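Structural description and commentary
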Amino acid sequence: MPEAKIEAWLEEDREFTPSAAFSAQANAQPSIYEEAGADPVAWWREQADRLTWTTTPTKSLEWDLPNAKWFADGTLNASVSCVDVHVSEGRGGRVAFHWVADAEGESRTITYHELHRQVCRTANALIELGVTKGDRIAVYMPMIPEAIFAMLAIVRLGAIHSVVFGGFSAEALGSRILDSNCRFVVTADGAFRRGTASPLKAAVDEALKSCPNVSAVLVVKRTESDVEWVPGRDHWWHDIVERQSDVHEPEAFPAETPLFIMYTSGTTAKPKGIFHTTAGYLTQAATTYYNVFDVKPETDVCWTAADIGWITGHSYIVYGPLINGVTQILYEGLPDSGGRDRWWKIISGYKATILYTAPTTIRTLMKWGHQIPEEYDLTSLRLLGTVGEPINPEAWMWYRKNIGGDRCPIVDTWWQTETGAILCSPLPGVTSTKPGAAMRALPGISTAVVDDAGNPVGHGEGGYLVVTQPWPAMIRGIWGDPDRFFDTYWSRFPGKYFAGDGAKLDAEGDLWLLGRVDDVMNISGHRLSTTEVEHALVGHRAVAEAAVVGASDETTGQAIVAFVTLKLSAEDAEKDHAALIEELRAHVASTISPIAKPREIILTPDLPKTRSGKIMRRLLRDVAENRSLGDVTTLTDPTVVNMITGLMDTHASSDD
Ligand code: WT7
């Protein structure tokens, strides 16, 4: 959100204080900040009692920057804290998931008891396929219960899941499988989107052509599409999992055992394998879920409308909610599968109480009109959350009024794949909320906004968001690349974790996020690097050079705009430019993912560069956002800018 807009909004001085009724029942009480602040490490150690330990830890934090160990001498099994404990303590009959299919009318109810049986069966099947402790297993799945059975079964064996979002291309999947040397893949024949089946297994087959170390592929039959089959390597889920025993004795592993890897975009073309370990991550996922979402496991019906292919799904569909033993909605489809009222049908049908989604989705729902949710009874909702990008105040207010009935607190939660769990957010019932502000660091977390020199800024000033103390769910490293881990996060401001986000403190010291300060773009809450998209573009035979920027976009937050120069081969010079642009957009979609498809591609004879040959992205962003251009005197050829601006004016943007 542009800073000027925030300024204007701050002047309106809107603030919502918690209602007395909510506060009286809230999980978090105002004293929590002081309790945690007095001795954060000791406080986190108390929170670790939310987990089911085999050996109770006596150690809390060992910190040797950038390496943290939390609760290191404890042992546990992650899946026991998520599943077994609920069964053994008599809660097995509670619904863990109301699974709602893409197609209306298809659903499944999975109790904790059933979840336990399924996780055990899946674990036994994985053992039969040869999975052992420490193996990496790629999970490339639609939003079906088997995806969660697989994740929990993998960690139950001390193996490490690397869930790859089902929207990623075969090439993106393959490079992730190779990077962490996965030996197994769990997938499905296909996925349903608005009733249409799209293939997943075919992408796995394609990816595995370059991954010789994968020995087994476990395939769920979901869409009944035809698939190719490699005998000996490929196994149907229904053949192998369903005949297994539903008893599996869990082994206890040390607290710092790697739990999962999640790839995310950094500032280079190569995605980073962020890895998290067991007990610290689980402790913070469970604690934040309890305090920020105020969950009451006996009565709430929670819906985190995210995909398990992203960190939000890991922390707030799988680990945080399951440790708390809540009932959730797990939805396979898109917001408009079956019609634009689908979400409201689901919420009113299951009497959902808590909804957590991304600003980009809120803006889409907003575009479809308030008349649609108005038709439904949404009074079961009592808390709303957002995550993924700065939320513009208009969307926040729309969400509060039209979905939350002006009664539900909104938690704007700031965090990252790397932080593992929420770090900054209001606490419902405790702190007030402001439309567009993440407000402050949670109990036990220390953040600051600092200037270029690393000094904290005053109220009313902007700078960079940093985390000043280690936290339990923090990234433990980039898979296979310790140097990159240090350089990316710990070298910019010595002693502090650099998040890569710009932020501002308002006059009261409350926190407003301003978006990334590096070459990372945020497209509909999905993280992509400019270089990653440039890399894909120059991989096309017609492209000589490409420069990509994230330009602000009303619906998707940012959208990709690419400036491309062409190689002058006879074939492409003759091609109709509109057709070539479409070809390039499709090329990026198939190389990375449809989410990475540029909104616009501008073919230009040249790119603006500094005298030292660096592409001037800031300037291109100004061009893409139709802003007046700042200082261009360092350009080698200032006329290039005028030319590009001219091209932009005549270029009609496409609409998908
Ligand atoms: C980046 C992390 C955390 C799960 C989803 C995204 C942006 C995230 C907010 C928020 C403003 C936000 C930041 C961050 N971001 N939440 N509430 N307000 N910006 O995880 O893909 O790792 O992306 O998303 O820029 O650095 P991710």
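Residues numbered from 1 in each chain as written. Predicted model: local features only at pLDDT ≥ 70, side-chain atom pairs only at ≥ 80, totals over all residues. Heavy atoms only, no water.

1. A closer look at the pairing of strand E20 (residues 383-387)
Burial runs high along E20: 5 of the 5 residues are buried. Both faces of E20 are covered, namely the face carrying Leu-383, Gly-385 and Val-387 and the face carrying Leu-384 and Thr-386. For strand E19 (residues 354-357) and E20, the ladder comprises 4 bridges, and the chain directions are parallel. When the bridges of E20 are listed, Thr-357 appears paired with Thr-386. When E20 meets strand E21 (residues 410-413), the two strands line up parallel, connected through 4 bridges. (Buried < 20%, exposed > 50% of the residue type's maximum accessible area, 1.4 Å probe, protein only. Helix = DSSP H or I, 4+ residues; strand = E, 2+ residues; numbered from the N terminus. Pairing = 2+ DSSP bridges.)

2. Description of unusual backbone geometry
Cis peptide bonds are those with omega within 30 degrees of zero, and the linkage from Leu-65 to Pro-66 qualifies with 5°. Tracing the backbone through its elements, the reader meets Pro-66 in the loop between strand E2 (61-64) and strand E3 (67-70). Phi at Phe-71 is positive, roughly 55°, even though this residue is not glycine. Along the chain, Phe-71 falls in the loop between E3 and strand E4 (75-76). Owing to a relative accessible area of 0%, Phe-71 belongs among the buried residues under this scheme. Positive phi is not limited to glycine here, since Met-439 has a value of about 70°. If you trace the backbone, Met-439 turns up in the loop between E21 and strand E22 (447-450). By relative accessible area, Met-439 is classed as buried at 4%.

3. Thoughts on the domain arrangement of the chain
By the assigned domains, the chain splits into domain 1 (3-503) and domain 2 (524-655). The gap between the C-alpha centroids of domain 1 and domain 2 is 33 Å. Contacts between the two partners involve 25 residues from domain 1 and, on the opposite side, 20 residues from domain 2. Taking both sides of the interface into account, the surface hidden between domain 1 and domain 2 amounts to around 1500 Å²; carbon and sulfur atoms contribute 46%. The tally of links from domain 1 across to domain 2 stands at 1 salt bridge. One salt bridge in this structure joins Arg-527 and Glu-418, with 2.8 Å as the shortest N-O distance. Breaking the side of domain 1 that touches domain 2 down by element, the ones donating at least two residues are helix H8 (170-179) and helix H14 (359-368). (Domains from an automatic or database assignment. Contact = heavy atoms within 4.5 Å. Buried area = accessible area lost by both parts, 1.4 Å probe. Salt bridge = Lys/Arg side-chain N within 4 Å of Asp/Glu carboxyl O.)

4. Details of the site of the ligand
The immediate surroundings of the ligand are formed by 17 residues, with Asp-412, Thr-413, Thr-417, Asp-501 and Arg-516 found nearest. Gly-388 is positioned such that a nitrogen or oxygen atom in its backbone is 3.1 Å from a nitrogen atom of the ligand. Between the ligand and Thr-417, the relevant distance is 2.6 Å, taken from an oxygen atom to a side-chain nitrogen or oxygen of the residue. Contact with the protein chains hides 95% of the accessible area of the ligand, taken as 560 Å² for the molecule alone. Elements represented by at least two residues in the shell around the ligand include exactly helix H12 (311-324), E21 and strand E26 (511-516). (Near = heavy atom within 4 Å. Polar contact = N/O pair within 3.5 Å; in protein donor to acceptor, adjacent residues only side chain to side chain. Areas by Shrake-Rupley, 256 points an atom, 1.4 Å probe, with all protein chains shown as cover.)

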